[in-house]
Amino acid sequence: MTNETARVLLTEDDIRRAITRISHEILEQNRASKDLVLVGLQTRGVHLARRLAENIERIESFIPVVGTLDPRLWRDDPDVASGQPLQPSDIPVGVTDRPVVIVDDVLYTGRTIRAAMEALLDFGRASRIQLAVLVDRGHRELPIRPDFIGKNIPTSHGERVQVRMTEIDGDDAVLLGRES
């Protein structure tokens, strides 16, 4: 998908507002728990988790722990993401008896999230696991449902949602285009 053929679905301001809203919803659902752990899935989920943590700090004056996770080793379809090197997974605290929010950019089939939940067990048994995504595009293959959603964007199987983030891509946007 090239930027010339893609349609902008969310602008930088839309993304900022969605992250702010999700931050408030996370705090409401977790009663401003000081034990909160945000686990960003590599790669863009990590940056979203860090932005959520910054917002939560501004709102509640505490910083939730932010960890990173690359769940590809736990996938039931490892050939899907095997073309890229594994990214580091680092959760700086044990998650046992702590509420955990898995953070990802796009939710599609649910297979990455299933793998992330399985991988998370290697770090302990969380008291609660929730899911925050910037975009839910539908087409679930597993019974996975996000608790916090920036935007629902219905798509066809032939379309691709691309999340651009300043930390990686130089700008923030969510684009929709055709699979290449």
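Scroll up to find the structure this text is about.
No experiment lies behind these values; they were computed from the predicted model shown.

Glancing now at unusual backbone geometry. Cis geometry is found at the peptide bond from Gln 42 to Thr 43, where omega equals 10 degrees. Inspection of the secondary structure puts Thr 43 in the loop between strand 2 (37–41) and helix 2 (44–60). Positive phi, normally seen in glycine, also occurs at Ser 61, with a value near 65 degrees. Within the secondary structure, Ser 61 sits in the loop between helix 2 and strand 3 (65–69). Judged by relative accessible area, which is 65%, Ser 61 ranks as exposed.

In total, this model carries one cavity of 30 Å³ or more according to the counting rule given. Of the volumes computed, that of the largest cavity is approximately 50 Å³. At the level of elements, helix 1 (12–29), helix 2, strand 4 (99–107) and strand 5 (128–136) are the ones that each hand at least two residues to the lining of the largest cavity. Sorting elements by how many residues they give to the lining of the largest cavity places strand 5 first, with three residues.

Okay, helix 3 (residues 111–120) next. Looking only at helix 3, the buried set comprises Arg 111, Ile 113, Ala 115, Ala 116, Ala 119 and Leu 120. Here the buried face of helix 3 lies against strand 2, strand 3, strand 4 and strand 5.

This part is about the packing of helix 1 against helix 2. Across the interface, helix 1 lies against helix 2 with an axial gap of 9 Å and an inter-helix angle of 65 degrees. Helix 1 and helix 2 meet at a crossing whose hand is right-handed. Across from Ile 15, Ile 19, Thr 20, Ile 22, Ser 23, His 24, Ile 26 and Leu 27 in helix 1, the residues of helix 2 making contact are Leu 48, Arg 51, Leu 52, Asn 55, Ile 56, Ile 59 and Glu 60. Among the residues forming the contact of helix 1 with helix 2, the class breakdown is nine nonpolar, four polar and two charged.

So, how was this worked out
- Residues numbered from 1 in each chain as written.
- Predicted model: local features only at pLDDT ≥ 70, side-chain atom pairs only at ≥ 80, totals over all residues.
- Heavy atoms only, no water.
- Helix = DSSP H or I, 4+ residues; strand = E, 2+ residues; numbered from the N terminus.
- Buried < 20%, exposed > 50% of the residue type's maximum accessible area, 1.4 Å probe, protein only.
- 1 Å grid on protein atoms, 1.4 Å probe; cavity = no way out; pocket = protein on both sides within 12 Å on 5 of 7 lines; lining within 4 Å.
- Points joined across faces, edges and corners; volume = space filled by probe spheres on them.
- Contact = heavy atoms within 4.5 Å.
- Axes fitted to C-alpha atoms, helices over the stretch in contact; angles between N-to-C directions.
- Left-handed = near helix turned anticlockwise from the far one by under 90°.
- Nonpolar A, V, L, I, M, F, W, Y, C, P; charged D, E, K, R; others polar.

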